[in-house]
Amino acid sequence: QVQLVESGGGLVQPGGSLRLSCATSGFTFSSYGMSWYRQAPGKERELVAAISRTGSITNYADTVKGRFTISRDNTKNTVYWQMTSLKHEDTAVYYCKTPISPNWGQGTQVTVSS
């Protein structure tokens, strides 16, 4: 049914940039908003960004506001997560989420380290 496949994570130095992608299938992508979550070591999963179905409205957690950008391409059924000015505390597994399914994908690991 619903499939969410995150990619693009890796090891990056503080101050660096990284772009994550979430390829989706199994639902009408353009009919729903999408979200990005992250889970840092020893912490619970937290919502960091959301985007409306057309991309006209976005919302961000205070921890990432001004540094990260959520976007989407409805022709590719894909949501993106552009991260800049990365900090150690951004180290986490990042997940995308559709509101129509309670399930999670495997996520993609982002490690910020010098």
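Below you will find a few notes about this structure. These figures come from a predicted structure and were not determined experimentally.

Reading the values: the criteria
Residues numbered from 1 in each chain as written. Predicted model: local features only at pLDDT ≥ 70, side-chain atom pairs only at ≥ 80, totals over all residues. Heavy atoms only, no water. Salt bridge = Lys/Arg side-chain N within 4 Å of Asp/Glu carboxyl O. Buried < 20%, exposed > 50% of the residue type's maximum accessible area, 1.4 Å probe, protein only. Helix = DSSP H or I, 4+ residues; strand = E, 2+ residues; numbered from the N terminus. Contact = heavy atoms within 4.5 Å. Disulfide = S-S within 2.5 Å. Core = buried A, V, L, I, M, F, W, Y, C linked by side-chain atoms within 4.5 Å. Pairing = 2+ DSSP bridges. Axes fitted to C-alpha atoms, helices over the stretch in contact; angles between N-to-C directions.

**Describing the pattern of salt bridges**
Reasoning step 1: With the rule as written, the count across this model stands at four salt bridges.
Reasoning step 2: With a closest N to O distance of 2.9 Å, E46 and R38 form a salt bridge.
Reasoning step 3: Note on R38: relative accessible area 5%, which makes it buried.
Reasoning step 4: Between D90 and R67 there is a salt bridge; the shortest N-O distance is 2.7 Å. Of the two residues, D90 is situated in the loop between β8 (78-83) and β9 (92-97) and R67 in the loop between β6 (58-60) and β7 (68-73); the sequence distance between them amounts to 23 residues. Just as D90 is buried, R67 falls in that class too.
Reasoning step 5: Through salt bridges with shared partners, one network takes in R38, E46, R67 and D90.

**Comments concerning the side chain of T98**
Reasoning step 1: Tracing the backbone through its elements, the reader meets T98 in the loop between β9 and β10 (108-112).
Reasoning step 2: In contact with T98, other than residues within four places in its own chain, are V2, L4, F27 and M34.

**What to know about the state of the cysteines**
Reasoning step 1: Under the defined criterion, the tally for this structure stands at one disulfide.
Reasoning step 2: In this model C22 forms its disulfide with C96; the gap between the sulfur atoms is 1.8 Å. The disulfide joining C22 to C96 has a torsion of about 50° about its S-S bond and is therefore right-handed. Of this pair, C22 sits in strand β3 (residues 18-25) while C96 sits in strand β9; the two residues are 74 residues apart in sequence, bridging distant segments of the chain.
Reasoning step 3: Judged by its relative accessible area of 0%, C96 is buried.

**Some words on the nonpolar core**
Reasoning step 1: In this structure, L20, M34, W36, V79, W81, M83 and Y94 are the most contacted members of the largest nonpolar core, which totals 25 residues.
Reasoning step 2: Contributing elements (two or more residues each) for this core: β3, β4 (34-39), β5 (46-51), β7, β8, β9 and β10.
Reasoning step 3: Ignoring anything within four residues of it in the chain, the contact list for M83 reads G16, S17, L18, L20, R67, F68, Y94 and V110.

**Considering the sheet that holds β3**
Strand pairing in a sheet relies on backbone hydrogen bonds. The paired strands run either parallel or antiparallel.
Reasoning step 1: Reading across the sheet, the four strands line up as β1-β3-β8-β7 and stay open at both edges, with antiparallel pairing between neighbours. With partners counted over all chains shown, the strands left at the sheet margins are β1 (3-7) and β7, one partner each. Between one strand and the next, the sheet's axes are offset by a mean angle of 15°, whatever the strand orientation.

**Here's the deal with the environment of I100**
Reasoning step 1: Inspection of the secondary structure puts I100 in the loop between β9 and β10.
Reasoning step 2: Residue I100 is classed as partly exposed on the basis of its relative accessible area, which comes to 35%.
Reasoning step 3: Taking the C-alpha atoms as reference points, I100 and V2, 98 residues apart in sequence, are found 8.6 Å from one another.
Reasoning step 4: Contacts of I100, omitting those with residues within four sequence positions, involve V2, F27 and Y32.

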